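# Report on the structure
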Amino acid sequence: MDAISSLGTNHGISGFSLFSQEIQSKSKLSPIMSLDLKEHSMPSTDFTNQTLTAFSPSSVAPAKTTSSSIGMSRGMRWWEKSIKQNMLEIYSANHLVDSLLNAGDRLVVLDFYSPGCGGCKSLHPKICQLAESNPNVMFLKVNQEELRTMCHGLNVHVLPFFKFYRGAEGKLCSFSCTIATINKFKKALDKHGSERSSLGPAKGLDAKDLAALVSVGELKLNPNSFENYQATEEQYQKMVL
């Protein structure tokens, strides 16, 4: 701007330098607005598509809307399409813990995804098909962008990522999978989804994962409870501070 002002002055263009100074003066009074979407996130309240409501409402926290989804219309939200009755969105660490504890002896698949993950988007229709053909399996969907701290505490750093849990056995396996390696997911589903007798109450997350979630501030539990932790909902509630 200084170079342009000088050029105008040298060529006798009257008023140009004063005009540039006026613009600079106004720019100090009216700075350019910066949109920081992460710091001013807006809560989403439309969860009408979720039909699986077996869990306690008190454990459900409002979902956050991140910058990746603000610019998308409802019709463009691929992760909300083709959702089946046995697919549930997780909203918080407490919601995850409660969901696993309430699953009984059913196989539970944790599906970690992100709206901006191309591999997750490609795999989503196939996961929905598998959920439909396996109605006794629970699919818990975890949005990594909205629950980034929780995912970090659970050591999830690659997407798409899956964790399998079942009853008293707790976590069975975990792995990353894409549409090209979908057979890995199918084999795990066949192996762990067969009918079996219950061996006791659902274990849910192990003590190590619970401790990690406490350390990152996602859960508030009594540290002395981890040593003798038995994952039943009643005992979990006693651990909550």
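Everything that follows concerns the structure shown earlier in this document.
Each chain carries its own residue numbering, running from 1 in the written order of its sequence. Per-residue local features of the predicted model are confined to residues with pLDDT of at least 70, and side-chain atom pairs are confined, for both listing and counting, to 80 or more; whole-chain, interface and lining totals are unaffected and use all residues. The basis for every side-chain value is the complete set of heavy atoms in the structure, and neither hydrogens nor water enter the calculation.

## Observations concerning the sheet that holds strand 6 (residues 161-166)
Sheets are built from strands paired through backbone hydrogen bonds, the pairs being either parallel or antiparallel. What makes two strands pair is DSSP finding at least two bridges between them. Secondary structure follows DSSP: runs of H or I at least 4 residues long count as helices, runs of E at least 2 residues long count as strands, and numbering of each begins at the N terminus. Pairing within the open sheet is mixed, and its five strands lie in the order 3-5-4-6-7. Both outer strands of the open sheet, strand 3 (87-89) and strand 7 (170-176), are each paired with one neighbouring strand and no more. Averaged over all neighbouring strand pairs, the angle between strand axes comes to 20°, with direction disregarded. Pairing analysis gives three bridges linking strand 3 to strand 5 (residues 138-143), with the strands arranged parallel. The partner of Met87 across the bridge, within strand 5, is Phe139. Residues count as neighbours in contact if any of their non-hydrogen atoms are within 4.5 Å of one another. To define axes, lines are fitted to C-alpha atoms, for helices over the stretch in contact only, and angles between the resulting N-to-C directions are given on a 0 to 180 degree scale. Relative to strand 5, helix 5 (residues 118-133) is tilted by about 160°, and along the sheet it contacts strand 3, strand 4 (107-113), strand 5 and strand 6. Along the sheet, helix 7 (residues 182-192) contacts strand 4, strand 5, strand 6 and strand 7; its crossing angle with strand 7, the most-contacted strand, is approximately 170°.

## Observations concerning helix 8 (residues 207-215)
Turning to helix 8, its buried residues are Asp209, Leu210, Ala212 and Leu213. One side of helix 8 carries all its buried residues, which in axial view fall inside an arc of 160°. Across helix 8 from its buried face, at more than 90 degrees, point the exposed residues Lys208 and Ser215. Looking at the buried positions of helix 8, the neighbouring elements they touch are helix 4 (93-101), helix 6 (148-153) and strand 6. Within two residues after helix 8, Gly217 carries a phi angle of roughly 80°, on the positive side. Note on exposure labels: buried denotes an accessible area under 20% of the residue type's maximum, exposed denotes more than 50%, and partly exposed covers the range between, all computed with a 1.4 Å probe on protein chains only. To obtain the arc, one takes the directions from the helix axis to the C-beta atoms.

## Focus: empty space enclosed by the protein
A cavity, in this analysis, means grid points on a 1 Å lattice covering only the protein atoms where a 1.4 Å probe fits yet has no way out; a pocket is instead an open set bounded by protein on both sides within 12 Å along at least five of seven lines, and a residue lines either one if it has an atom within 4 Å of a point. Grid points are joined across faces, edges and corners, and a volume is the space filled by probe spheres set on the points. Overall, the coordinates contain four cavities of 30 Å³ or more when judged by the stated rule. Quantified by volume, the second largest cavity comes out at close to 60 Å³. What lines the second largest cavity is simply Trp78, Asp111, Tyr113, Cys120, Leu123, His124, Ile127, Lys141, Pro160 and Phe162. For the lining of the second largest cavity, the secondary-structure elements that each account for two or more residues are strand 4 and helix 5. For the lining of the second largest cavity, the leading source of residues is helix 5, giving four residues.

## So, the nonpolar core
Of all hydrophobic cores here, the largest spans 25 residues; its most connected members are Leu96, Leu140 and Leu205. Of all the elements in the fold, those that place two or more residues in this core are helix 4, strand 4, strand 5, helix 6, strand 6 and helix 8. With five residues, helix 4 is the single largest residue contributor to this core. What Leu140 contacts, discounting residues up to four positions off in sequence, is Leu88, Ile90, Leu96, Ser99, Leu100, Val108, Val109, Leu110 and Asp111. As used in this record, nonpolar core signifies buried Ala, Val, Leu, Ile, Met, Phe, Trp, Tyr and Cys residues forming a set joined through side-chain atoms within 4.5 Å. Ranked by size, the runner-up nonpolar core spans 19 residues in total, among them Ile127, Val137, Phe164 and Cys173.

## Let's talk about the pattern of salt bridges
The salt bridge criterion pairs a side-chain nitrogen of Lys or Arg with a carboxyl oxygen of Asp or Glu, the two atoms within 4 Å. Per the stated rule, a full pass over the model turns up four salt bridges. Across the salt bridge formed by Lys84 and Glu132, the nearest N and O atoms sit 3.8 Å from each other. Taken together, the positions of Lys84 in the loop between helix 3 (67-70) and strand 3 and Glu132 in helix 5 put the pair 48 residues apart, joining distant regions of the chain. Owing to a relative accessible area of 23%, Lys84 belongs among the partly exposed residues under this scheme. Since its relative accessible area comes to 52%, Glu132 is described here as exposed. The partner of Arg166 in a salt bridge is Asp105, and the shortest N-O contact between them spans 3.6 Å. A residue pair is termed long-range when its members are at least 10 positions apart, and Arg166 in strand 6 and Asp105 in the loop between helix 4 and strand 4 qualify at 61 residues.

## A closer look at the environment of Lys208
Turning to its location among the elements, Lys208 is positioned in helix 8. Overall, the relative accessible area of 70% leaves Lys208 in the exposed class. For the pair Lys208 and Gly153, spaced 55 residues apart in sequence, the C-alpha to C-alpha distance is 9.9 Å.

## Focus: the packing of aromatic side chains
What counts as a ring pair is set by centres within 6.5 Å for rings of Phe, Tyr and Trp (its six-membered ring), and what kind of pair is set by the plane angle: stacked under 30 degrees, edge-to-face over 60, tilted for all other angles. Tallying each qualifying case throughout the model produces nine aromatic pairs. Ring centres of Phe139 and Phe185 lie 6.4 Å apart, and the angle between their planes is 25°; this geometry places the pair in the stacked category. Highlighted residues: Phe139 in strand 5 and Phe185 in helix 7, separated in sequence by 46 residues. Grouping residues by exposure puts Phe139 and Phe185 together as buried. An angle of 70° between the planes, with centres 4.9 Å apart, marks the rings of Phe162 and Phe185 as edge-to-face. Note that Phe162 is positioned in strand 6 and Phe185 in helix 7, a separation of 23 residues in sequence. Phe185 gets classed as buried once you look at its relative accessible area, which sits at 0%. One aromatic cluster is present, formed by Phe139, Phe162, Phe164, Phe175 and Phe185 through successive ring pairs. Any Lys NZ or Arg CZ found within 6 Å of a ring centre and within 35 degrees of that ring's normal is scored as a charge over the ring. A cation sits over an aromatic face here: Lys141 above Tyr113, 4.4 Å from the ring centre.

Fair warning: the whole summary comes from geometry, so function is off the table for now.
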